[in-house]
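# Tertiary structure, described
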Amino acid sequence: MNQIKKYLSIAVLSAAALIFSNRISTAAAEIPSADITIDYDNQKLTVQENTAQNKDLQIYVAVPSMKTVKQKNDAGVTVKNKVLAASAWDSYDYDPAKGVDIDLSWINRKKDTYLQIKGNQNADPVTIKFPAALLKVSAVFDPVNATVSMQDITNKKQPVVIKDQAIEYKVPYGKWKTYNGIDGELSMYQVRGASLEFRLAAHDKESLNVTDPVPETAELFDAAGKGILIYEAGNFPGIEKKVKIKKRAASPKAVVDYAKHQFKLSANTEYRVLSQTQKSAWTDFTDPTSRLKLSDLKQYITGDTAILETRKKAAASNSHSASSKLEFAMPSVLPVFTTSPNVSPNQIVESDIIYNSVGSSEDDCDIYVSYVYKESTKQLTGIQFSNTTTQKYEVFISKNGVIPEPDAAVHTIRAKASENDKDAETFISTKYVTIGDKIYIRKKANTKTKEWSSYFAGLGKIDFNSTHVK
């Protein structure tokens, strides 16, 4: 139920006040305001005489007309007054147990409407004003914050955001619910797009009772020139405005370079990483000419798999796009077997490169490495890799011992065409490799199967001397 505010309170004015103001009509018997309530959602008025001394058998309701009439005030001065006069009354049988309901759905919200109510016992009319609704309103959707603001556009050049009234919204065929105005409140409708309806909610949901009446000058009068006490009602729900929320734009996809451990992102993109136990914050990718490195994401990754989520950043008038998710496994660690004493796998050793081989044991190696030298001069001409598998490998020759980055220039180690073929051999001459260089090796990336190149593993240092000559 909704409250009707007393626009002009019932009071007995002092003699001095009566000299300068119009007479106020005070009734000895009217339906108490506490016995009248309004349900704005269902647009009805209920009279339930709980406090009235005299109980009515019938309730009468009229819609008075308003005219400007010349009348004399208490000082005998002729003035122009706005006069309310009711000529036709609708009658309702009063039920003491349930009261009586009066339909209000017919009220025209485009203008102020007055309603007068009385009973056969409480015969002095109670006058209620239903103010005109705010008709020129707009509902504006902010796609960046996923919020809606309603504006008074009576002056189209200077719209005013409505802040002092509650707002409601609903989906098609749904129920009205309170809109809280919180950032992101409507974001779920941006996933597929939606058409919503917004309106100013009904307000004043208390009884018509006024606890502290204050005398005011009359604005409306009866035919005898007496001021009429006006109870001002609250508002019915406002004009319904449709808001179309667009579906988010298609998501930009990250392009993966499986060999270099990089992601190529488009301009104005932001990204985050989701792994088994954590989720990073959205991070701006500011330079589309650069690449997002897998190593930059490792701090957010727990476990062997992760998801890179990318989306177009929000702009001044557009929300961020839908997101694109790229699931990937982390690169493998290449096992390196060494026959050198007191040396762990994957550790660079200051010994013959032949002592470090790719595999799980000396008897189960994928790659074997050997020196190649000229018989006549006993000088090193290069190194040779023998690949026993169909997996291609890549090697990096480090001149200063620095461990290579994934995007370093490499030499490809050929693979067997099939398991039944003989070992594939690759020769790298001293044009590229010399004594003292350190060799790193990794599995080559496979774009078709979406496999990264493995992390580089150290094979060893080239230390060719006469002991290697048979």
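All values derive from a computational prediction rather than experimental measurement. (Residues numbered from 1 in each chain as written. Predicted model: local features only at pLDDT ≥ 70, side-chain atom pairs only at ≥ 80, totals over all residues. Heavy atoms only, no water.)

## Observations regarding the overall build of the protein
Convention followed: Each helix is a run of DSSP H or I of at least 4 residues and each strand a run of E of at least 2, with the numbering of both proceeding from the N terminus. Think of it in three bands: residues with accessible area under 20% of the maximum for their type are buried, residues over 50% are exposed, and the middle band is partly exposed, with areas taken using a 1.4 Å probe on protein chains only. Contacts were defined at the residue level, with two residues in contact if any of their heavy atoms lie within 4.5 Å. We get accessible surface area from the Shrake-Rupley algorithm with a probe of 1.4 Å; when it comes to residues, only the shown protein chains can shield them.
In terms of regular secondary structure, the protein is built from two helices and 35 strands. In the protein, which comprises 470 residues, the proportion classed as buried is 41%. Considering only intrachain contacts with a sequence separation of at least 6, the fraction spanning at least 24 residues in the protein is 64%. Total accessible area on the protein stands at roughly 25900 Å², and carbon and sulfur atoms take up 49% of it.

## Considering the side chain of Ser-321
Relative to the assigned elements, Ser-321 resides in the loop between β25 (305-312) and β26 (324-329). Look past the residues within four positions of Ser-321 in its chain and what remains in contact with it is Arg-248, Ala-249, Ala-250, Ser-251, Pro-252, Arg-311 and Lys-312.

## Some remarks on the pairing of strand β6 (residues 78-85)
This is how it is decided: Strand pairing is assigned whenever DSSP detects at least two bridges linking the two strands.
The pairing of strand β5 (residues 65-72) with β6 spans eight bridges and is classified as antiparallel. Note that in β6 the partner of Lys-72 across the bridge is Thr-78. Here β5 folds back onto β6 in antiparallel fashion, the turn holding five residues, of which Gly-76 has a positive phi close to 80 degrees. Across two bridges, the pairing between β6 and strand β17 (residues 220-221) is parallel. By the bridge assignment for β17, Lys-82 is matched with Leu-220.

## Details of the nonpolar core
Let me state the cut-off plainly: Put simply, buried Ala, Val, Leu, Ile, Met, Phe, Trp, Tyr and Cys residues joined by side-chain atoms within 4.5 Å make one nonpolar core.
Ranked by size, the top nonpolar core spans 22 residues in total, and within it Leu-45, Val-47, Ile-59, Leu-104, Ile-117, Ile-128 and Phe-130 carry the most contacts. The set of elements that each furnish at least two residues to this core consists of β2 (36-39), β3 (44-47), β4 (58-62), β8 (100-103), β9 (113-119), β10 (126-130) and β18 (230-233).

## Concerning the sheet that holds strand β20 (residues 255-257)
Strand order in the open sheet made by the three strands is β20-β21-β24, with antiparallel pairing throughout. Each edge of the sheet is formed by a strand with only one pairing partner; in this case those strands are β20 and β24 (292-293). With two bridges connecting them, strand β21 (residues 262-264) and β24 associate as antiparallel partners. Bridge pairing links Gln-262 to Lys-293 in β24.

## Some remarks on the packing of aromatic side chains
Heads up, the rule is: Pairs were defined over the aromatic rings of Phe, Tyr and Trp, the Trp ring being its six-membered one, requiring ring centres within 6.5 Å. Orientation was assigned from the angle between planes: stacked under 30 degrees, edge-to-face over 60, tilted for the rest. Sitting over a ring, as applied to charges here, requires NZ of Lys or CZ of Arg to be within 6 Å of the ring centre and within 35 degrees of the ring normal.
Enumeration according to the criterion identifies eleven aromatic pairs in this entry. Centre to centre, the rings of Tyr-169 and Tyr-189 are 6.5 Å apart; their planes meet at 85 degrees, and the pair counts as edge-to-face. Taken together, the residues span a long stretch of sequence, with Tyr-169 in strand β14 (residues 167-170) and Tyr-189 in the loop between β15 (177-179) and β16 (194-200) at a distance of 20 residues. Ring centres of Tyr-169 and Phe-198 lie 5.3 Å apart, and the angle between their planes is 15 degrees; on these two criteria the pair is classed as stacked. Of the two residues, Tyr-169 sits in strand β14 while Phe-198 sits in strand β16, which places them 29 residues apart along the sequence. Both residues of the pair, Tyr-169 and Phe-198, belong to the buried class. One Lys or Arg, Lys-118, reaches over the ring of Trp-89 and ends 4.1 Å from the middle of that ring. Above the plane of the ring of Trp-176 lies Lys-170, whose end atom (NZ or CZ) is 5.5 Å from the centre.

## A word on the pattern of salt bridges
Which entries qualify depends on this criterion: Here, a salt bridge means any side-chain nitrogen of Lys or Arg that lies within 4 Å of a carboxyl oxygen of Asp or Glu.
The tally for this structure, following the rule as stated, stands at twelve salt bridges. In this structure, Asp-101 and Lys-44 form a salt bridge, with 3.5 Å as the shortest nitrogen-oxygen distance. Here Asp-101 is found in strand β8, whereas its partner Lys-44 is found in strand β3, with 57 residues between them in sequence. The partly exposed category is assigned to Asp-101, whose relative accessible area is 42%.

## So, the pairing of β25
In this sheet, β25 lies alongside strand β22 (residues 269-274) in antiparallel orientation, the contact comprising six bridges. Counterpart to Val-273 in the pairing with β25 is Leu-308. In this structure, β25 lies alongside β26, joined through six bridges in antiparallel fashion. Across the sheet, Ile-307 pairs through a bridge with Glu-327, a residue of β26.

## Focus on the confidence of the model for the protein
Low-confidence regions, as indicated by low pLDDT, have predicted coordinates that should not be scrutinised in detail. So the rule is basically this: A residue's pLDDT is simply how confident the predictor is in it, with values from 0 to 100.
Averaged over every residue, the pLDDT of the protein is 81; residues scoring 70 or more account for 83%. Scored below 50 in pLDDT, residues 1-27 makes 90 contacts in the model with residues more than four places away or belonging to other chains. A low-confidence stretch, residues 207-216 (pLDDT under 50), is modelled with 23 contacts involving residues beyond four sequence positions or located in other chains.

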